[in-house]
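# Coordinate inspection notes
What follows is each chain in one-letter form.
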Amino acid sequence: MSSFNDLNLSQEMLSALSAKGFTAPSAIQALVIPEFLREQANIIGQAQTGTGKTAAFSIPILETMQKDGTIKALVLTPTRELALQVCEEMYSLIGSKNLRVAAVYGGASIEQQIKNIRKGCDIIVGTPGRVMDLLDRKVLNFSNIDFFVLDEADEMLNMGFVEDIEQILQSTKEDKKMLFFSATMPKSILEIAKKYMGKYKILKVENKEMTTNLTEQIYYEVKEGDKFEALCRVLDFEQDFFGIIFCRTKIEVDEAVKRLKARGYATESLHGDITQSQRTKTLAEFKEKIINILVATDVAARGIDVNNLTHVINYSIPHEAESYVHRIGRTGRAGNKGIAITFVTPREMSKLGIIKKVTKTDIKKQAVPEIKDIIKAKEDYLQACVHEIIAENDYEYYMKLAKQLLADYEANVVLASLLRQQFQDEFIEASYAKIEQNRNNSNAVPGDNVKLFVALGKKDGMNPRKLLDVLHENCKTPGRKVRDIRIMDKFSFISVPLDEAEIIMGKMNRKNKKMVEVAKN
Ligand code: ADP
Ligand code: MG
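Here is what the cut-offs are and how they apply
- Residues numbered from 1 in each chain as written.
- Chains lettered and ligands numbered in written order.
- Predicted model: local features only at pLDDT ≥ 70, side-chain atom pairs only at ≥ 80, totals over all residues.
- Heavy atoms only, no water.
- Buried < 20%, exposed > 50% of the residue type's maximum accessible area, 1.4 Å probe, protein only.
- Helix = DSSP H or I, 4+ residues; strand = E, 2+ residues; numbered from the N terminus.
- Pairing = 2+ DSSP bridges.
- Expected span 1.5 Å × (residues − 1).
- Contact = heavy atoms within 4.5 Å.
- Core = buried A, V, L, I, M, F, W, Y, C linked by side-chain atoms within 4.5 Å.
- Axes fitted to C-alpha atoms, helices over the stretch in contact; angles between N-to-C directions.
- Parallel < 35°, antiparallel > 145°, perpendicular 65-115°, else oblique.
- Left-handed = near helix turned anticlockwise from the far one by under 90°.
- Nonpolar A, V, L, I, M, F, W, Y, C, P; charged D, E, K, R; others polar.
- Near = heavy atom within 4 Å.
- Areas by Shrake-Rupley, 256 points an atom, 1.4 Å probe, with all protein chains shown as cover.
- Salt bridge = Lys/Arg side-chain N within 4 Å of Asp/Glu carboxyl O.
- pLDDT = per-residue confidence, 0-100.
- Phe/Tyr/Trp six-rings, centres within 6.5 Å; stacked < 30°, edge-to-face > 60°.

## Structural notes on the pairing of strand β13 (residues 338–344)
Buried residues dominate β13, accounting for six of its seven residues. Note: strand β8 (residues 215–221) against β13, seven bridges, orientation parallel. Looking at β13, one finds that I218 is bridged to I341. Two elements, strand β12 (residues 311–314) and β13, share four bridges in a ladder whose sense is parallel. Across the sheet, the residue bridging to H311 is I339, located in β13.

Here is the structure:
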């Protein structure tokens, strides 16, 4: 499908799409739109992050919606950020049609949202908590809805919204169409689908590779204590850095932002404890590039809709391959090139090995930029800036002062003094902190041991012997490959070689998704 014109869309929709600058449908849109317009089936749509899933459900819903003064569609999203984004995207697709969409989410005035709903709306986009609250207050009524959408369904379930979703579903009528959209398809989604959808179709866009190939993926092996210095080197080396730095915890985010600010970088933090108004402000500043560095936790960064990131930095390597894919999926989008850099401490090498295997991508080792490279990059950048200003011919204002300065001294003396005044020690190697780099190539090899968490413990009747039996029975794991068995009450730890760890996770997690995981230490 090469054009929206082939999809039997209304003139209003085609104008709205062209106003948005959408020329051709994305793969998931080309699958979902005609299918839904043809037979209004229940649909589970799966495609990678950033592939236009929002429009994939919004377009056919807006095209078939029968306005009758009551709420006709409900879209549930896991975060307020996403609720706002989906709302905005839908709003822009409504174009000249007479439809209203309202977003409802926690962390903002409920009175304001109630007022907005009371003005009359056809579509509600919201987070489960606030939606339930408004249902309780009888402000929302879903007894007439024709469309029920779960956006980022995997994330909704990860965040523990199952019961909320089920409760909200109770308030809807039977014969509605249901659409679930998700980047991944854990079993729990199919379970909900089976329970509530009856018949449904799965429309899936296969990822050729799990990660985009426009993103160059590299890693640095750095000691924990050198990470911050390494980060500054990257930021200094890349003069037009515009990216997200991922940390594992809120504390790590705050710490990094504090230190970055102290060194004069334009940065802000994004995590669960940031107020909604601060978050909105930060995101606006980031989009306008007033700040060029966003430091965030995984969850807080969900759904940030910025397409032209130059870099994603995994300041802390994610625990799960899936999270790695999500994180780096934020760069290399919309045809732009991007770089994903992962900081890996020596003891995290096995985690990197697993991510490489699961994502089937090569993440190449590179050295942290050397101080002399950074200084060279800064010099090049300065020269380029000077060229540009001279080309623009826009320095008249300073001519008089320039002549005065040159009256008493040689040009190079004046210039060097000005540079010192402007840059202080920025170009002096000795002013940079050193980083110890491990230069030998120590990629995780299949022989490396990985510590695994197993969700079976004493309460399940486990002892070391029994656990070995379970592993042998289910995965054919030879007992001699298993080391450091520790049986706790509800779970256990084992160490096994990397290749064996993959087999175990593959077999044990087939039936029950999170039976075995890489231990988080
Ligand atoms: P997903 O939900 O799959 O992660 P989004 O729906 O958020 O992706 O879309 C990602 C970006 O791509 C958005 O900025 C959206 O406006 C844009 N987009 C969606 N469909 C198209 C299209 N057909 N052509 C160009 N851009 C599109
Ligand atoms: Mg989405």
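Read on, since the account is not over.
## Some points on helix α12 (residues 276–287)
Taking 1.5 Å of rise per residue, the twelve residues of α12 would be expected to cover 16 Å, and the 16 Å separating its terminal C-alpha atoms lies within 8% of that figure. Of the residues making up α12, those classed as buried are Q276, R279, T282, L283, E285 and F286. Considering only its buried residues, α12 is in contact with α4 (80–94), β9 (243–246), β10 (267–270), β11 (293–296) and α13 (298–301). One or two steps after α12, the chain reaches K289, where phi turns positive at roughly 60 degrees.

## Let's talk about the nonpolar core
Side chains of a nonpolar character, in soluble globular proteins, are inclined to be buried together. Formed by 39 residues in total, the largest nonpolar core has its most connected members in L9, I59 and V125. Each residue touching L9, except ones within four places of it in the same chain, is listed here: F4, L14, L17, I33, L37, I59 and E63. Formed by 35 residues, the second largest nonpolar core is a distinct cluster that contains L76, F148, F161 and M197.

## Brief notes about the packing of α4 against α12
Two numbers describe how α4 lies on α12: the axes approach to 12 Å, and their chain directions differ by 55 degrees. Relative to α12, the element α4 lies oblique. In this structure, α4 crosses over α12, and the sense of that crossing is right-handed. On α12, the residues touching R80, E81 and L84 of α4 are Q276, R279 and L283. Partitioned by chemical class, the residues of the contact of α4 with α12 number two nonpolar, one polar and three charged.

## As for the environment of K199
Turning to its location among the elements, K199 is positioned in the loop between α9 (187–197) and β7 (201–204). Sequence separation of K199 and N42 is 157 residues, and the distance between their C-alpha atoms is 6.7 Å.

## Topic: the site of ligand 1
Contacts to ligand 1 come from 17 residues, most closely from A24, Q29, G50, K53 and T54. Considered on its own, ligand 1 offers 570 Å² of accessible surface; in the complex 81% of this is hidden by protein. Here the shell around ligand 1 is built from residues that sort into four nonpolar, nine polar and four charged.

## Examining the pattern of salt bridges
Counting across every chain of the model gives 25 salt bridges. In this structure, E35 and K201 form a salt bridge, with 2.7 Å as the shortest nitrogen-oxygen distance. Of this pair, E35 sits in helix α2 (residues 27–39) while K201 sits in strand β7, and the two are 166 residues apart along the sequence. Accessibility expressed as a relative area gives 9% for E35, which makes it buried. Taking the shortest distance from any N to any O, the salt bridge between K250 and D273 comes out at 3.2 Å. With a gap of 23 residues between them, K250 in helix α11 (residues 250–262) and D273 in the loop between β10 and α12 connect regions that are remote in the sequence. Note on K250: relative accessible area 37%, which makes it partly exposed.

## Overview of the packing of helix α14 (residues 321–328) against helix α15 (residues 349–359)
Orientation of α14 relative to α15, taken along the N-to-C sense of each, is 75 degrees, at an axis distance of 9 Å. Relative to α15, the element α14 is oriented roughly perpendicular. Across the interface between the two elements, A321, Y324 and V325 from α14 touch I355, V358 and T359 from α15. A breakdown of the residues in the contact of α14 with α15 according to their chemical character gives five nonpolar, one polar and no charged.

## Some points on the confidence of the model for the protein chain
When the pLDDT values of the protein chain are averaged, the result is 88; 94% of them are 70 or greater. Low pLDDT (under 50) marks residues 438–444, which in the prediction has 18 contacts with non-local residues, meaning those over four places away or in another chain.

## Overview of the packing of aromatic side chains
Counted by the stated rule, this structure contains ten aromatic pairs. Look at F36 and F147: their rings are 5.9 Å apart centre to centre, the planes differ by 50 degrees, and that puts the pair in the tilted class. With F36 in helix α2 and F147 in strand β5 (residues 147–150), this residue pair connects regions lying 111 residues apart in the sequence. Residues F36 and F147 agree in their burial class; the two are buried. For the ring pair F453 and F493, a centre distance of 6.1 Å and an interplane angle of 65 degrees mean the geometry is edge-to-face.

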